[in-house]
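Geometric and topological summary
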Amino acid sequence: MIRPDEHTADQTSDLPLVKSRVKLWGGRFDEPTDAFVEAFTASVGFDQRLFREDIAGSTAHAKMLAHVGVLTNEECDKILHGLNTILLDIERGDFAWVVAYEDVHMNIEARLIDRIGDVGKKLHTGRSRNDQVATDVRLYLRGAIDRMIQALNRLRGALVDLAEREADTVMPGFTHLQVAQPISFGHHLLAWYEMLTRDAERLADVRRRVNILPLGSAALAGTSYPLDRDYVAQLLGFEGVSRNSLDAVSDRDFAIEFLSATALIMMHLSRMSEELILWTSAQFGFIDLPDRFCTGSSIMPQKKNPDVPELVRGKTGRVYGDLFALLTLMKGQPLAYNKDNQEDKEPLFDAIDTVMGSLRAFGDMIPALQPNRERMRAAAKQGFSTATDLADYLVRQGVPFRDAHEIVGKAVRHAQTAGCDLSELPLAELQNFSPKISEDIFAVLTLEGSMAARNITGGTAPAQVHAQVIAARKTLVKT
Ligand code: ARG
C-alpha cells in the first residue's frame, strides 16, 4: 500500500517560485491571464505542502488506469518513474514551483510532461483537479490526524505518570475559584487526562469520515472511463469510495469536523494553561515551571513568566478562527466545486501546526512540573475545606443532611470569628453545636481523611486515583 502521509514534520517549502509558463488549460483563451490575477488566484505558495499526497494520488490513479486498460503497462511505468523522480526532486529541494501553473497539481503534472514527454499528458485521463484536490486534502488530513493522536497520547502518558506520583498530594479543589474540598493533585491531573482522551477519541472518529476516496468523481458528474475506484481506494488505504460525485468534490465537512476537534483540543490546553498560570503565580505558588519553559522581563529583573502556557492560551483563538473561516467559507456555496474551496487549506495547515506545536510544548513541559506540596497542603487547609466532612459525619450519627448543613454552617461562622479551622476548635466547643460529635471527629476533619473518604468510582481518594492510573495505562497501550 502507498503511504503518502508519513511526514516527518509539517513544513511549507521555501523553494523558489517561478513566474509565467504556458497554461495546461490555455486552449480556449485568447489572451494571457492578467499578471496580478495569476498571482491572486494561485495556491501553489501554500498547497505545495500537499506534494506527497498529490504524487501518491497520481501514482494510484496511473496504476488503476493501466489495471483497467486505459494505459498500457509501458505507459504506466513511464508515468510512475517520472512521478517518482519528481518526488525525489521536491524532497531534495530541487524543484522550481511556477506561479503560472497555479497549484501543486498542475506544477507536478507540467513537470511530468516536461520530463517524460507526451505520455505524461495521459495521466489526467478520467480525473479533474476537483476530485484530485479533495483526495489530496483527505490524505493529508489522515496523516495529520495520526500524528496528532500520537502527540495527544504522549501528553496523556505524561499526565498519567505524574498523577501516579502525586496521588497522595493534597491540594484545594475549587468551585467558583473558591476553596471547596481537599482533592488529590493526581486526581486533578487525571481530569486533564480525561479531556485529552475525549479529544483523541474524537479525532479517531473524524478519521473514519476523512478516509473516503473522492477520486473518480472527476469534475462533478463522474467520468465515462471505466475506472476501478475500489482499486484506487485499496492502493491509497481508503476505507471506502464516495457515493455521490457532486457531494464528493464539494464536501468539506470532514475538514470542518477536524477543525472542530482541534478547537476543542485547544480549548482544553487553554484551560490547562490558565491553571498553570495561576498556580505558578506568587499568590498560589502551587507549582514551579523549570526556567527553560519561561522567560524574563526586559525591565523587571525579578520576573519569570509562564510564557509557554500563556502562548498556548493565546493560540487557541487562532484555531477557533480557523474553524470559523471554514464554516463561513462553505455556507454560501452552491453545488458543486467552487474556487472558494481553495481557501480551505491555509486554515487547515494553520490549525495543524498550532495544535502540533502546542501539544509538543505541553508534552515536554508536563513531566517537568515541580509541585510545591507544602503550599498546596497549606492552601487546602484554608477556607474550611472539610466542612462537608463534618456534615457527613453528623449524617452518619443520624442527623438529617439539611439539619447537619445548618449546624456546620454555624460552627464555621464560630471558627471564622475565632480565627481558626474547624479541626482546631476544642471538642467541647464543637459539641455546643451538636452533642452527637465525639473525639473521633478529628480524624474525619483532616485533609487526608477527607480525601480518602471519597472512595467512590471517579472520586478523589488516592486509592481511586491509583485505580484510574492502571485503567488509563491499559487504554494507552491499546491506542
Ligand atoms: N487549487 C485548487 C484548489 O485548491 C485546485 C482545484 C481547482 N479546480 C478548478 N476547477 N479550478 O481548490
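None of these values were measured; they are calculated from a predicted model.

Right, let's get into the overall build of the protein chain. Along the protein chain, the regular secondary structure elements total 19 helices and eight strands. Taken over the C-alpha trace, the protein chain has a radius of gyration of 30 Å; the compact-globule value for 479 residues is 23 Å, which it surpasses by more than 25%. Counting only C-alpha atoms, the protein chain reaches 100 × 50 × 40 Å along its principal axes. The long-range fraction of contacts in the protein chain, counting pairs at least 24 apart against all pairs at least 6 apart in sequence, stands at 77%. With an accessible surface of roughly 22,500 Å², the protein chain has 53% of that area assigned to carbon and sulfur atoms. Of the charged side chains in the protein chain, 54 are positive and 65 negative; the average position of the first set lies 1 Å away from that of the second.

With that out of the way, let us pick up the packing of helix H6 (residues 129-165) against helix H7 (residues 185-210). At a closest axis distance of 9 Å, the pairing of H6 and H7 adopts a crossing angle of 165°. Here H6 is positioned roughly antiparallel relative to H7, judged by the angle of their axes. In this structure, the crossing between H6 and H7 has a hand that is left-handed. Of the residues assigned to the contact of H6 with H7, the class counts are 20 nonpolar, three polar and seven charged.

Mapped onto the secondary structure, Asn341 falls in the loop between helix H11 (307-331) and helix H12 (345-365). Polar contacts involving the side chain of Asn341 include one to the side chain of Gln333, which spans 2.7 Å. Not counting residues within four places of it along the chain, the set of residues in contact with Asn341 comprises Val249, Ser250, Arg252, Leu329, Met330 and Gln333.

Moving on, we get to the nonpolar core. Ranked by size, the top nonpolar core spans 107 residues in total, and within it Phe258 and Leu269 carry the most contacts. The dominant element in this core, judged by the number of residues it contributes, is H6, at 17 residues. Discounting residues that sit within four places of it in the chain, Leu269 has contacts with Leu155, Leu196, Val312, Ser358, Leu359 and Phe362. Val399, Ile407, Val412 and Leu425 belong to the second-largest nonpolar core, a separate cluster that totals 21 residues.

In this section: helix H13 (residues 373-381). Along H13, the residues classified as buried are Met376, Ala379 and Ala380. In an axial view of H13, the angular spread of the buried residues amounts to 100°, which keeps them on one side of the axis. Where H13 is buried, its residues contact strand S3 (170-175), strand S4 (178-184), H7, strand S7 (287-288), strand S8 (370-371) and helix H18 (447-453).

By the bridge criterion, six bridges tie S3 to S4 in an arrangement that is antiparallel. Across the sheet, residue Pro172 finds its bridge partner in S4, namely Pro182.

Moving on, we come to the pattern of salt bridges. Within this structure, the stated rule accounts for 33 salt bridges. A salt bridge links Arg92 to Asp89, with the nearest nitrogen and oxygen atoms 3.2 Å apart. Placement of both Arg92 and Asp89 in helix H4 (residues 73-92) is noted, with a separation of three residues, approximately one turn of the helix. Glu164 serves as the salt-bridge partner of Arg473, at 3.0 Å between the closest nitrogen and oxygen. Remark: Glu164 occurs in helix H6 and Arg473 occurs in helix H19 (residues 462-478); sequence separation between them is 309 residues.

Close to the ligand lie Ser43, Asp47, Asp103, His105, Arg129, Asn130, Val133, Tyr337, Gln342 and Lys345. Ser43 places a side-chain nitrogen or oxygen 3.2 Å from a nitrogen atom of the ligand. One nitrogen or oxygen atom from the side chain of Lys345 is found 2.6 Å from an oxygen atom belonging to the ligand. Protein contact buries 86% of the 350 Å² of open area that the ligand shows by itself. Element by element, the count of residues in the shell around the ligand is highest for H6, at three residues. For the shell around the ligand, a count of residues per class yields two nonpolar, four polar and four charged.

Before going further, it helps to spend a moment on helix H14 (residues 387-396). Residues Ala387, Asp389, Leu390, Ala391, Tyr393 and Leu394 constitute the buried set of H14. Next to the buried residues of H14 lie helix H15 (401-418), helix H17 (441-444) and H18. Once H14 finishes, Gly398 follows within two positions and takes phi at roughly 100°, a positive value.

Now for a nonpolar patch on the surface. On the surface, Phe36, Val37 and Phe40 cluster together into a nonpolar patch covering about 350 Å² of accessible area. Locating Phe40 in the fold gives a position in helix H1 (residues 35-41).

What follows concerns the side chain of Thr386. Along the polypeptide, Thr386 turns up in the loop between H13 and H14. Within the structure, Thr386 has its side chain in polar contact with the backbone oxygen of Leu445 (distance 3.5 Å). Filtering out sequence-adjacent residues up to four positions away, Thr386 remains in contact with Pro182, Leu445, Thr446, Leu447 and Ser450.

In this section: the packing of aromatic side chains. Enumeration according to the criterion identifies nine aromatic pairs in this entry. Note on Trp279 and Phe286: the rings are 6.4 Å apart at their centroids and 40° apart in plane angle, and the pair reads as tilted. Judged by its relative accessible area of 3%, Trp279 is buried. Their ring planes at 80° and their centres at 5.2 Å tell us that Phe284 and Phe286 sit as a pair that is edge-to-face. Over the face of the ring belonging to Phe95 we find Arg111, whose NZ or CZ atom lies 4.3 Å from the ring centre.

Analysis parameters
- Residues numbered from 1 in each chain as written.
- Predicted model: local features only at pLDDT ≥ 70, side-chain atom pairs only at ≥ 80, totals over all residues.
- Heavy atoms only, no water.
- Helix = DSSP H or I, 4+ residues; strand = E, 2+ residues; numbered from the N terminus.
- Rg over C-alpha atoms; globule rule 2.2 N^0.38 Å.
- Contact = heavy atoms within 4.5 Å.
- Areas by Shrake-Rupley, 256 points an atom, 1.4 Å probe, with all protein chains shown as cover.
- Lys, Arg positive; Asp, Glu negative; His and termini not counted.
- Charge placed at Lys NZ, Arg CZ, Asp CG, Glu CD.
- Axes fitted to C-alpha atoms, helices over the stretch in contact; angles between N-to-C directions.
- Parallel < 35°, antiparallel > 145°, perpendicular 65-115°, else oblique.
- Left-handed = near helix turned anticlockwise from the far one by under 90°.
- Nonpolar A, V, L, I, M, F, W, Y, C, P; charged D, E, K, R; others polar.
- Polar contact = N/O pair within 3.5 Å; in protein donor to acceptor, adjacent residues only side chain to side chain.
- Core = buried A, V, L, I, M, F, W, Y, C linked by side-chain atoms within 4.5 Å.
- Buried < 20%, exposed > 50% of the residue type's maximum accessible area, 1.4 Å probe, protein only.
- Arc of directions from axis to C-beta.
- Pairing = 2+ DSSP bridges.
- Salt bridge = Lys/Arg side-chain N within 4 Å of Asp/Glu carboxyl O.
- Near = heavy atom within 4 Å.
- Patch = residues over 30% accessible without salt bridge, like charges linked within 9 Å, V, L, I, M, F, W, Y side chains within 5 Å.
- Phe/Tyr/Trp six-rings, centres within 6.5 Å; stacked < 30°, edge-to-face > 60°.
- Lys NZ or Arg CZ within 6 Å of the ring centre and 35° of its normal.

In short, shape yes, function no, at least from these values alone.
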